[in-house]
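Given next are the chains, with one letter for each unit.
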Amino acid sequence: MHYEPQHPYARVQDVLEESLLFFRRICHENHNPYLDNRGGNWLLPTALGTLRPTYLVPASMAVGGDLQQVSYFLVVGFRELKDFYPDVLVANLKKSGALQAHCRLNSLMVSAGGGELSPNTLAHRLENPRVLVRIVDQIKPHLLPGAVLLFPPVLGERWDSRVAKNLAENLGHPVYEVANIPPALPGQRLQQMLLHHVKGQGVEVVIGCTVNGARVAGKRCTEVQATGAGKKIRIFAKTVVLATGSFLGGGLESEPGKAWESIFRLPVETGREKWSARDFLAMEGHLFNQMGIKVNEYLQPVDDQGQVIIENVLITGANLAGCNYPIEKCGNGVAVASGYKAGKLAGEAGE
């Protein structure tokens, strides 16, 4: 096993297992369970027919552990949804080598009532029981013994939706969603569920505001500044958790040869190499994906000499330096573990 001391996992290894158990408990309590594959990764079919390794998945997508046991896949698409092509999924999944030699794969297009729909609009429509009955009637003639059905990730808009369960019960066969490109409904459902949970815990959530600055006195943040609904908002807290993301999310900014964090202007290590590889899909990834803020074991930002820059600001997720999320497939794991540790540290500081 290769150990990388600068990787974010090295900073959160003390809470890694604990954080995953905490995350799964919250999901279970809010009726949106996330499952592991007997302690290993799932290999999830994607909309392109490739296989994506993932440690935890929502129950509606947990098909990866059973691929070798399936004798018949029926891939179902919707005429109203233009960004999902069952024939492409079938063709590439056949070539993947993950299925048993005699596994049959067929595709089927069904109608959810007409029109051209976005994933969210289609997911909302499928929560109508009468629409679901029409879908079931179109699928039943194409079922064979042992069939497993694969759908695009549109089986319900809400995190507590029963669309996938109702389809499986009415069809008498397992029903799963496949992974698709973002923005995808499973992530939106998780966001809804987490917001529901934290509000239930008494957390004040301000939607639609933009944090655009902060005041720092010495080595402590004394105020965070934001704008929203046409007014300025001043936020005071003993501890501030930074979770603004990398370049794509606006958490990091850059100009030729230089990069920095956008709120506190924290330094970002860029290295002496080129920021990107020559090939867009280079197997080693791009250096800019590894850029971020250096931290100590308490997730506090530090300079090149390891000295703390701001004591009461904790860095999490894609703001952290040291890992190549697209290549290592660890973005969500780092987010869960670092967010959990930051929450614990903030709680201890507030006692």
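Everything quoted here is computed from the prediction, not taken from an experiment.

### Structural notes on the overall build of the chain
Point 1. Summing up its helical and strand segments, the chain has nine helices and 15 strands in all.
Point 2. Against the 2.2 N^0.38 benchmark of 20 Å for 351 residues, the chain shows a C-alpha radius of gyration of 23 Å, consistent with a compact globule.
Point 3. Reported as C-alpha extents along the three principal axes, the dimensions of the chain are approximately 70 × 45 × 35 Å.
Point 4. Within the chain, the proportion of its 351 residues that are buried is 42%.
Point 5. Considering only intrachain contacts with a sequence separation of at least 6, the fraction spanning at least 24 residues in the chain is 61%.
Point 6. As displayed, the chain has an accessible area near 19,400 Å², and 53% of this comes from carbon and sulfur atoms.
Point 7. Measuring between centres, the 35 positive side-chain charges of the chain sit 5 Å from its 33 negative side-chain charges.

### Regarding the sheet that holds strand β7 (residues 147-151)
Point 1. The strand order across the open sheet built from four strands is β6-β5-β7-β8, with neighbouring strands paired in parallel fashion. Of all the strands in the sheet, just β6 (104-110) and β8 (175-177) have a single pairing partner and so form its edges. Averaged over neighbouring strand pairs, the angle between their axes works out to 25 degrees when direction is ignored.
Point 2. As judged from the three bridges shared by β7 and β8, these two strands associate in the parallel manner. Residue pairing for β8: L149 is matched across the bridge by V175.
Point 3. Relative to β6, helix α3 (residues 86-95) is tilted by about 170 degrees, and along the sheet it contacts β5 (72-78), β6 and β7.
Point 4. Those strands touched by helix α6 (residues 163-171) are β7 and β8, and its axis lies near 150 degrees from that of β8.

### Here's the deal with the sheet that holds strand β9 (residues 210-217)
Point 1. Across the sheet, three strands lie side by side as β9-β10-β11; this open sheet has antiparallel pairing. A strand with exactly one partner marks an edge of an open sheet, and here the two such strands are β9 and β11 (231-235). Sheet twist, expressed as the mean angle between neighbouring strand axes with direction ignored, is 25 degrees.
Point 2. Here seven bridges tie β9 to strand β10 (residues 220-228), and the two strands are oriented antiparallel to one another. Its bridge partner being in β10, V211 is matched across the sheet by A226.

### Notes on the side chain of E177
Point 1. Along the chain, the position of E177 falls in strand β8.
Point 2. E177 gets classed as buried once you look at its relative accessible area, which sits at 2%.
Point 3. Among the polar contacts listed, one links the side chain of E177 to the backbone nitrogen of V154, at a separation of 3.1 Å.
Point 4. Here the side chain of E177 touches R189 through a polar contact of 2.9 Å, side chain to side chain.
Point 5. Apart from the residues lying within four places of it in its own chain, the contact partners of E177 are S60, M61, F151, P152, P153, V154, L155 and R189.

### Some thoughts on the pattern of salt bridges
When the charged atoms of two side chains lie near each other, side chains of opposite charge can form a pair.
Point 1. For the structure shown, the criterion picks out 11 salt bridges.
Point 2. Note that E29 is salt-bridged to R25, the shortest N-O span being 3.0 Å. With E29 and R25 both in helix α2 (residues 16-29) and four residues apart, the pair spans about one turn of that helix.
Point 3. What makes R25 partly exposed here is its relative accessible area of 42%.
Point 4. A salt bridge links E177 to R189, with the nearest nitrogen and oxygen atoms 2.9 Å apart. Here E177 is found in strand β8, whereas its partner R189 is found in helix α7 (residues 185-200), with 12 residues between them in sequence. The pair formed by E177 and R189 is uniform in burial state, with each residue classed as buried.
Point 5. Through salt bridges with shared partners, a single network forms among R215, E223 and R234.

### Considering α3
Point 1. All of the buried residues along α3 are P86, L89, V90 and L93. Buried positions in α3, seen along its axis, are confined to an arc of 95 degrees and lie on one side of it. In α3, the exposed positions angled more than 90 degrees off the buried face are occupied by D87 and K95.
Point 2. Tucked inside the fold, the buried residues of α3 contact β3 (51-54), β5, β6 and β7.
Point 3. G97 lies just past α3 and shows a positive phi near 80 degrees.

### Section: unusual backbone geometry
Among all residues save glycine, negative phi is the norm, and among peptide bonds the norm is trans.
Point 1. The phi angle at H31 is positive, at roughly 60 degrees, despite the residue not being glycine.
Point 2. Inspection of the secondary structure assignment puts H31 in the loop between α2 and β1 (34-35).
Point 3. Classification of H31 as exposed rests on a relative accessible area of 61%.
Point 4. Unlike most non-glycine residues, R265 shows phi in positive territory, near 60 degrees.
Point 5. Along the chain, the position of R265 falls in the loop between β14 (258-261) and β15 (313-315).
Point 6. For R265, a relative accessible area of 53% corresponds to the exposed category.

### Describing a nonpolar patch on the surface
Point 1. Taken together, L48, Y85 and V88 make up a surface patch of nonpolar side chains, about 300 Å² in accessible area.
Point 2. Examined against the element boundaries, Y85 turns out to sit in the loop between β5 and α3.

Parameters at a glance
- Residues numbered from 1 in each chain as written.
- Predicted model: local features only at pLDDT ≥ 70, side-chain atom pairs only at ≥ 80, totals over all residues.
- Heavy atoms only, no water.
- Helix = DSSP H or I, 4+ residues; strand = E, 2+ residues; numbered from the N terminus.
- Rg over C-alpha atoms; globule rule 2.2 N^0.38 Å.
- Buried < 20%, exposed > 50% of the residue type's maximum accessible area, 1.4 Å probe, protein only.
- Contact = heavy atoms within 4.5 Å.
- Areas by Shrake-Rupley, 256 points an atom, 1.4 Å probe, with all protein chains shown as cover.
- Lys, Arg positive; Asp, Glu negative; His and termini not counted.
- Charge placed at Lys NZ, Arg CZ, Asp CG, Glu CD.
- Pairing = 2+ DSSP bridges.
- Axes fitted to C-alpha atoms, helices over the stretch in contact; angles between N-to-C directions.
- Polar contact = N/O pair within 3.5 Å; in protein donor to acceptor, adjacent residues only side chain to side chain.
- Salt bridge = Lys/Arg side-chain N within 4 Å of Asp/Glu carboxyl O.
- Arc of directions from axis to C-beta.
- Patch = residues over 30% accessible without salt bridge, like charges linked within 9 Å, V, L, I, M, F, W, Y side chains within 5 Å.

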